[in-house]
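A structural walkthrough
The lines below spell out each chain.
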Amino acid sequence: MKDELIRRLAAADLGHELIDLGGDGSDPEDDYPDFAQRLGDSIVAGDAERGILICGSGVGASVAANKMRGIRSAVCHDTYSAHQGVEHDDMNVLTLGARVIGPEPAFECAVAFLAARFSGETRHRRRLAKVLAMEAAAGAPTT
């Protein structure tokens, strides 16, 4: 799915530079947390604005990505969630399950995700601030 999605996104010329940080499926030691971290590190470092993760269901990769400070990932298999996650929640990683979604819906979700922008509406900024506060407190010791 990854290769086809990259090919189609490149052909669509949506104005994004596409960088492939994943494996090719030939290494049995490849694990989704490694790719989630590679993508997350790229976003946190400012080398990428957003990313798309692909694994079997999408769930494990999304869980792993969300462990990284500054990453907001969700599994989306419909275009509404793919764009709404960016517009309302400032989602920066779209995760797709290659065993769950077909190539055409995956492409449509990716296009919706890449075209979306955070709305900046007051209620969304307020909610995002609460999420970021939770993230900041996650490493703090409890008493």
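For the structure itself, consult the block above.
Along every chain, residues carry numbers that run from 1 in the direction the sequence is written. Side-chain atom pairs in this predicted model are given and counted only at pLDDT of 80 or more, local residue features only at pLDDT of at least 70, and totals for whole chains, interfaces and linings cover all residues. Excluding hydrogens and water, the side-chain figures rest on all heavy atoms present in the structure.

1. Quick word on unusual backbone geometry
For clarity, the cut-off: Each helix corresponds to a stretch of at least 4 residues labelled H or I by DSSP, and each strand to a stretch of at least 2 residues labelled E; elements are numbered beginning at the N terminus. The cut-offs for exposure are 20% and 50% of the maximum accessible area for each residue type, with area from a 1.4 Å probe on protein chains only; residues under the lower value are buried, those over the upper are exposed, and the others partly exposed.
The phi dihedral of D13 is positive, around 45°, even though this residue is not glycine. Structurally, the position occupied by D13 is in the loop between helix 1 (2–12) and helix 2 (32–44). On the basis of relative accessible area, D13 is assigned to the exposed category, the value being 65%.

2. Here's the deal with empty space enclosed by the protein
Keep this limit in mind: In the cavity and pocket records, a cavity denotes points on a 1 Å grid over the protein atoms alone where a 1.4 Å probe fits but cannot get out, a pocket denotes an open set with protein on both sides within 12 Å along at least 5 of 7 lines, and lining residues are residues with an atom within 4 Å of a point. Grid points are joined across faces, edges and corners, and a volume is the space filled by probe spheres set on the points.
Evaluation of the coordinates by the stated rule reveals one cavity of 30 Å³ or more. Its volume calculated, the largest cavity comes out at about 30 Å³. The set of elements that each furnish at least two residues to the lining of the largest cavity consists of helix 1 and helix 5 (103–115).

3. Side note on the pairing of strand 1 (residues 51–55)
Rules: Here, any two strands with at least 2 DSSP bridges between them count as paired.
Along strand 1, the buried face is formed by G51, L53 and C55; none of I52 and I54, which line the opposite face, is buried. With five bridges connecting them, strand 1 and strand 3 (residues 93–97) associate as parallel partners. Residue I52 lies in a different strand from strand 3, and its bridge partner there is L94.

4. What to know about the packing of aromatic side chains
The criterion, for reference: Think of it this way: a Phe, Tyr or Trp ring, Trp meaning its six-membered ring, pairs with another when their centres are within 6.5 Å, and the plane angle makes it stacked under 30 degrees, edge-to-face over 60, tilted otherwise. Over a ring means this: the NZ of a Lys or the CZ of an Arg is within 6 Å of the ring centre and within 35 degrees of the ring normal.
Taken as a whole, this structure holds zero aromatic pairs when the rule is applied. Lying across the ring of F107, R8 places its NZ or CZ 4.0 Å from the centre. Geometry around F113 places R50 over its ring, the cationic atom sitting 5.2 Å from the centre.

5. Focus: the environment of R127
The residue R127 is located in helix 6 (residues 122–137) in this model. The class of R127 is partly exposed, set by a relative accessible area of 42%.

6. A closer look at the sheet that holds strand 2 (residues 73–75)
The test is simple: For helices, the axis comes from a line fit to the C-alpha atoms of the stretch in contact; other axes are also lines fit to C-alpha atoms, and the angle between any two N-to-C directions lies between 0 and 180 degrees.
With parallel pairing, three strands are arranged side by side in an open sheet as 1-3-2. A single partner strand is all that each edge strand has here, and the edge strands are strand 1 and strand 2. Across the sheet, the mean angle from the axis of one strand to that of its neighbour is 25°, orientation sign disregarded.

7. Remarks on the packing of helix 1 against helix 5
Let me state the cut-off plainly: Throughout this description, any angle smaller than 35 degrees is read as roughly parallel, any larger than 145 degrees as roughly antiparallel, any in the 65 to 115 degree range as roughly perpendicular, and the remainder as oblique. Here is the rule for handedness: rotate from the far helix to the near one, and if that takes an anticlockwise turn smaller than a right angle the crossing is left-handed, while a clockwise turn gives right-handed. What makes two residues a contact is simply this: any of their non-hydrogen atoms within 4.5 Å. When residue character is reported, Ala, Val, Leu, Ile, Met, Phe, Trp, Tyr, Cys and Pro are called nonpolar, Asp, Glu, Lys and Arg charged, and the others, Gly included, polar.
Contact pair helix 1 / helix 5: the axes reach a minimum separation of 10 Å and the direction vectors enclose 50°. Relative to helix 5, the element helix 1 is oriented oblique. The way helix 1 lies across helix 5 gives a crossing that is right-handed. Counting all contacts with helix 1, which are made through E4, L5, R8, L9 and A12, the residues of helix 5 involved are P103, E104, A106, F107, A110, V111 and L114. When its residues are assigned to classes, the contact of helix 1 with helix 5 shows nine nonpolar, no polar and three charged.

8. What to know about helix 4 (residues 79–89)
We count it as follows: Residues adjacent in sequence count toward polar contacts only when both atoms are side-chain atoms; beyond that, a polar contact is any pair of N or O atoms within 3.5 Å, and within protein one must be able to donate a hydrogen and the other to accept it.
Within helix 4, the full set of buried residues consists of A82, Q84, G85 and V86. Where helix 4 is buried, its residues touch strand 3 and helix 5. One side-chain oxygen at the N-terminal end of helix 4 lies 3.2 Å from the backbone nitrogen of Y80; it belongs to D78. Count one or two residues on from helix 4 and you reach D90, which has phi positive near 55°.

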